[in-house]
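Observations on chain architecture
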Amino acid sequence: MGPNKRFQCNQGFRCSGNKNWQTYPKCPRCKRRHQRECQARAYFQCGVVGHLRRNSQQLQQPKQKKDDTPVLARVFTLTQPEANVGPSTVTGQLSIDSTLLTILIDSGATHSYLSSKVIGNLHKPSDVLLSGFGTLLPTRESTISSRWVRSLLVYVEGREFLVDLIKLNIEDFDVILGMD
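Fair warning: this is a prediction, and the values are worked out from it, not measured in the lab. (Residues numbered from 1 in each chain as written. Predicted model: local features only at pLDDT ≥ 70, side-chain atom pairs only at ≥ 80, totals over all residues. Heavy atoms only, no water.)

Remarks on the overall build of the protein chain
- Scanning the protein chain for helices and strands turns up two helices and ten strands.
- Counting from the amino terminus, the protein chain carries its helices and strands in the arrangement α-β-β-β-α-β-β-β-β-β-β-β.
- A separation threshold of at least 6 residues defines the contact pool for the protein chain, and within that pool the share at least 24 residues apart is 49%. (Helix = DSSP H or I, 4+ residues; strand = E, 2+ residues; numbered from the N terminus. Contact = heavy atoms within 4.5 Å.)

Comments concerning the confidence of the model for the protein chain
- Averaged over all residues, the pLDDT of the protein chain equals 75, while 69% of them reach at least 70.
- No element of the protein chain has a lower mean pLDDT than helix α1 (residues 3-10), at 50, and none a higher one than strand β6 (residues 113-115), at 92. (pLDDT = per-residue confidence, 0-100.)

A word on the environment of Ser95
- Mapped onto the elements of the fold, Ser95 is located in strand β4 (residues 89-96).
- Residue Ser95 is classed as partly exposed on the basis of its relative accessible area of 23%.
- Along the chain, Ser95 and Val156 lie 61 residues apart, while their C-alpha atoms are 7.9 Å from each other.
- Excluding anything up to four places from it in sequence, Ser95 contacts Leu100, Leu153, Val154 and Tyr155. (Buried < 20%, exposed > 50% of the residue type's maximum accessible area, 1.4 Å probe, protein only.)

Focus on the pairing of strand β9 (residues 159-168)
- Looking at chain direction, β6 and β9 are connected through three bridges and run parallel. Residue pairing for β9: Ser115 is matched across the bridge by Leu168.
- Bridging between strand β8 (residues 142-156) and β9 involves seven bridges; their strand directions are antiparallel. Within β9, the position partnered with Leu153 by the bridge is Leu162.
- Taking the residues that link successive antiparallel strands as the turn, the β8-β9 hairpin has two residues, and the phi of Glu157 there is positive, at about 50 degrees. (Pairing = 2+ DSSP bridges.)

Quick notes on the pairing of β4
- In this structure, β4 lies alongside strand β5 (residues 99-106), joined through eight bridges in antiparallel fashion. Residue pairing for β5: Ile96 is matched across the bridge by Thr99.
- Turn length for the β4-β5 hairpin, with the two strands adjacent in sequence and antiparallel, is two residues, and the turn residue Asp97 shows positive phi of about 55 degrees.
- Taken together, the two bridges between β4 and β8 define a ladder with antiparallel strand orientation. Bridged to Ser95 within β8 is Tyr155.

Re the environment of Lys167
- Mapped onto the secondary structure, Lys167 falls in strand β9.
- According to the relative accessible area criterion, Lys167 is partly exposed, its value standing at 28%.
- Not counting residues up to four positions away in its chain, the partners in contact with Lys167 are Leu114, Ser116, Ile119, Ser145, Arg147 and Trp148.

Pasting the structure below:
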């Protein structure tokens, strides 16, 4: 059988051994050509023959648009009086990037922050946060930070840690170390 006959046989023509072709009528149910009763199965959900479940229009739900509202980071303590009352805070002085700074360790803070008044005293440049960084303050107000300093060395009990600090307007402390 030549390539043309093979192609025609696949298109609903019946090929007999002696080059005799017969065409069958187009099935109204499956839109294909065949001799016997249609054996095509309809997709059970929509009832249309030839539909695959993955292609069913009824099952395709519109994709929900990703919520672009950022989740705000949290800080629980910003002032010395709040730190004195809070059971999950520790205050003191630590060497950060070879500079002795007044710090607050706040186990409730989701990120670490640097006071805007000392950001220029560090030996590392600050980077711009392109989309800003939102923080929920203890007063239930939110603020957007636009700068941060990455990979600063913090010395605690003779150990070195790298921290990323987000610029925030803090009055009583130079740094808030959170649990990030």
